[in-house]
Amino acid sequence: MGSSGFSFKLDDHPKLPKGKTVAVVVLDGWGEAKPDQYNCISVADTPTMDSLKQGAPERWRLVKAHGTAVGLPTEDDMGNSEVGHNALGAGRIYAQGAKLVDLALASGKIYEGEGFKYINECFENGTLHLIGLLSDGGVHSRLDQLLLLLKGCSEHNARRIRVHILTDGRDVLDGSSVGFVETLENELAKLRERGVDAQIASGGGRMYVTMDRYENDWDVVKRGWYAQVLGEAPYKFRSALEAVKKLREELKANDQYLPPFVIVDENEKPVGPIFDGDAVVTFNFRADRMSMVAQALEYESFDKFDRVRFPKIRYAGMLQYDGELKLPSHYLVSPPEIERTSGEYLVHNGVRTFACSETVKFGHVTFFWNGNRSGYFNSELEEYVEIPSDSGITFNVQPKMKALEIAEKTRDAILSRKFDQVRVNLPNGDMVGHTGDIGATVVACKAADEAVKMILDAIEQVGGIYVVTADHGNAEDMVKRNKTGQPLLDKNGNIQILTSHTLQPVPIAIGGPGLAPGVQFRKDVPTGGLANVAATVMNLHGFEAPSDYEPTLIEVVDN
Ligand SMILES: O=C(O)[C@H](O)COP(=O)(O)O
Ligand SMILES: [Mn+2]
Ligand SMILES: [Mn+2]
């Protein structure tokens, strides 16, 4: 016990035993919705997940995975992996980046913090560069926040501003980039009327330029570096609106994968490379897809690609993206202080933990799960295994992804009996759902279901317990709908494909031979959400959850 009297020691659960192997399986992007042809989960052959549903209401139920239940500003905010895994791992609901930035902008406190003061010193003689996702998706960034930030920076003496846009089409409809660029251009024009030299300087699609994650493909970040910092790109345009429209039309590129472009002046000179003395802000609040570019912008020594030129800039993130690495060291808004996560507690109580996914979701069950901290709490008791993802492809061409490999590694970890908890993320429903390819997403859902089966079979063999859940919806609805639930058509009469997540709840199922008789879902937490899962899992390990955690979903009834 520390001097504050705080201790990580958990009380024993009065009724549940210790020592059972608990598998915690997170199906990424697997929500619950009415069956129809655009619900890829219902279309797919998913016998394992279907059989779990038969356990309702005692052993299968739904939990909330969007909006305020996961710390997002409103009930119109769909869930996402960051907030979902944060809630699953931390057992409490934290106001998340989106909300914290809203508050800091509304109060003006963003301009009083250390991070802003640090970059503000460059405004006199240098250019302010803003790099980030141009979207109102609210997953990584929000356009209204960017517009407020632009206004605020100009009121705090930014004389020359360059915006480096990344187009979305993943958290929002494909093609929406055009409207977002128009909105941004209008605001920049207003700034110019007020004497601020403000323009868009470069751009590219988020999945091809800058926003890679978990080091899956550094070339993505490199392309961004060339366009944003060096002012070099395969495509040059006089305006961003023209760039986005032409690249979409002529190359048939979608918003997610637009190639990098730079905006040039009448002499073909790029309008906004980054030079010594400039200030740079990455305006995304979400961590995973900013961490790599943050390293490139911040680290003096860096060997992931040749930066050619490493300008002496002052760089701040919208948030600090990695609490363990303290990356970046300067930031405009403090991130949620997620502490005492369930992983940290369990390790302190001797629970040996195995976590696994493939690269594109690896940080979800480690970094996000542990409250945006990279690394182990205790390397003696924990083992995190990353299966390398394919890179340079869209996952509709490989919808099975590495589900089988993840399941095999997890099965082996369970059968080794070296671990008390095995925790996995199965990416298929989400990663393939984001491509908007309905046929491939059906294949993806089947593959995820097969992986679940393999893990549950291993749990059966060792007499363990399983918890199967998801972080938010995606594959269960692939079409944009009107208020009455009918698919919306575009002007050509085609359905509008929904590549994004949804507002749907997600299932949670418990079971396995090790589950003590009488364990069932309580009926008195009908509004339970992902944050209630941590206490539930702690109970299944034989511990009471800390008193400030969201209540457990289970009870033990005497038979
Ligand atoms: O980053 C992404 O791929 C999407 O914006 C959100 O998906 P995720 O929250 O499931 O990672
Ligand atoms: Mn997810
Ligand atoms: Mn997703």
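Reading guide: rules and limits
Residues numbered from 1 in each chain as written. Chains lettered and ligands numbered in written order. Predicted model: local features only at pLDDT ≥ 70, side-chain atom pairs only at ≥ 80, totals over all residues. Heavy atoms only, no water. Donors = N, O, S within 2.8 Å, 3.2 Å for Na, K, Ca; no water. Helix = DSSP H or I, 4+ residues; strand = E, 2+ residues; numbered from the N terminus. Buried < 20%, exposed > 50% of the residue type's maximum accessible area, 1.4 Å probe, protein only. Pairing = 2+ DSSP bridges. Axes fitted to C-alpha atoms, helices over the stretch in contact; angles between N-to-C directions. Parallel < 35°, antiparallel > 145°, perpendicular 65-115°, else oblique. Contact = heavy atoms within 4.5 Å. Nonpolar A, V, L, I, M, F, W, Y, C, P; charged D, E, K, R; others polar. UniProt positions renumbered as here; feature names shortened; annotations may be inferred. Polar contact = N/O pair within 3.5 Å; in protein donor to acceptor, adjacent residues only side chain to side chain. Near = heavy atom within 4 Å. Domains from an automatic or database assignment. Tetrahedral: all angles 85-135°; square planar, octahedral: opposite > 155°, others 65-115°. Salt bridge = Lys/Arg side-chain N within 4 Å of Asp/Glu carboxyl O.

### A few points about the coordination of the manganese ion (ligand 2)
Argument step 1. The coordination sphere of the manganese ion (ligand 2), as far as protein atoms go, consists of Asp28 (OD), Ser81 (OG), Asp471 (OD) and His472 (NE2), spread over 1.9 to 2.1 Å.
Argument step 2. Of note, the manganese ion (ligand 2) draws all its donor residues from one chain, in the sequence arrangement D-x52-S-x389-D-H.
Argument step 3. A gap of 4.2 Å separates the manganese ion (ligand 2) and the manganese ion (ligand 3). With Asp28 in the loop between β1 (22–27) and α1 (40–43) and Asp471 in the loop between β14 (465–470) and β15 (506–511), this residue pair connects regions lying 443 residues apart in the sequence.
Argument step 4. Owing to a relative accessible area of 0%, Asp28 belongs among the buried residues under this scheme.
Argument step 5. Of the residues examined, Asp471 reaches a relative accessible area of 0% and is grouped as buried.

### A word on the sheet that holds strand β10 (residues 331–333)
Argument step 1. In spatial order, the strands read β6-β7-β5-β4-β3-β8-β9-β10; together these eight strands make up an open sheet with mixed pairing. With partners counted over all chains shown, the strands left at the sheet margins are β6 (235–237) and β10, one partner each. Between one strand and the next, the sheet's axes are offset by a mean angle of 20°, whatever the strand orientation.
Argument step 2. Strand direction decides the pairing type here: β6 and strand β7 (residues 261–263), joined by three bridges, are parallel.

### Details of the environment of Phe419
Argument step 1. Relative to the helices and strands, Phe419 resides in the loop between α14 (403–416) and β13 (421–426).
Argument step 2. Between the C-alpha atom of Phe419 and that of Arg194, which follows or precedes it by 225 residues, the distance is 62 Å.

### Some remarks on the packing of α14 against helix α16 (residues 438–462)
Argument step 1. Running from N to C, α14 and α16 cross one another at 10°; their axes reach a closest spacing of 9 Å. Regarding the angle of α14 to α16, the classification is roughly parallel. Between α14, through Ala403, Leu404, Ala407, Glu408, Thr410, Arg411, Ile414 and Leu415, and α16, the contact on the second element is made entirely by Ala447, Ala451, Met454, Ile455, Ala458, Ile459, Gln461 and Val462.
Argument step 2. Across the contact of α14 with α16, the residue classes tally to 12 nonpolar, two polar and two charged.

### Regarding the UniProt feature "binding site: Mn(2+) 1" (unreviewed entry) in the protein chain
Argument step 1. Taken from the UniProt record, the annotation "binding site: Mn(2+) 1" (unreviewed entry) applies to Asp430, His434 and His501. Look at the named residues: they lie 72 residues apart in sequence, but the longest C-alpha span between them is just 7.9 Å, so in the fold they bunch up.
Argument step 2. Exposure remark for His434: the relative accessible area of 3% places this residue in the buried category.
Argument step 3. Within the fold, His501 resides in the loop between β14 and β15.
Argument step 4. Given the relative accessible area of 4%, His501 is considered buried.
Argument step 5. If sequence neighbours within four positions are ignored, His501 has contacts with Met78, Gly79, Asn80, Ser81, Asp430, His434, His472, Gly473 and Asn474.
Argument step 6. Here the side chain of His501 touches Gly79 through a polar contact of 2.8 Å, landing on its backbone oxygen.

### Structural notes on the UniProt feature "active site" (unreviewed entry) in the protein chain
Argument step 1. UniProt marks Ser81 with the feature "active site" (unreviewed entry), using the numbering shown here.
Argument step 2. By the element assignment, Ser81 lies in helix α3 (residues 81–90).
Argument step 3. Excluding residues that lie within four positions of it along the chain, Ser81 makes contacts with Asp28, Asn86, Arg286, Lys361, His364, Phe368, Asp471, His472 and His501.

### Overview of the site of ligand 1
Argument step 1. Among the 17 residues in the neighbourhood of ligand 1, the closest are listed as Ser81, His140, Arg170, Asp171 and Arg289.
Argument step 2. At 3.2 Å from an oxygen atom of ligand 1 is found a side-chain nitrogen or oxygen belonging to His434.
Argument step 3. The two domains that each donate at least three residues to the shell around ligand 1 are domain 1 (22–95 + 338–556) and domain 2 (98–333).

### Details of the coordination of the manganese ion (ligand 3)
Argument step 1. Distances from the manganese ion (ligand 3) to its protein donors, Asp430 (OD), Asp430 (OD), His434 (NE2) and His501 (NE2), fall at 2.1 to 2.3 Å.
Argument step 2. Coordination at the manganese ion (ligand 3) is irregular, judged from the six donor atoms that bind it and the angles of 57 to 168° they form at the metal.
Argument step 3. Written as a sequence motif, the donor arrangement for the manganese ion (ligand 3) is D-x3-H-x66-H.

### Observations regarding the pattern of salt bridges
Argument step 1. Using the criterion set out here, one finds 32 salt bridges in the structure.
Argument step 2. Put simply, Arg352 and Asp420 hold a salt bridge, and the shortest N to O gap is 3.0 Å. Remark: Asp420 occurs in the loop between α14 and β13 and Arg352 occurs in the loop between α11 (342–348) and β11 (353–358); sequence separation between them is 68 residues.
Argument step 3. Classification of Asp420 by relative accessible area gives buried; the value is 13%.

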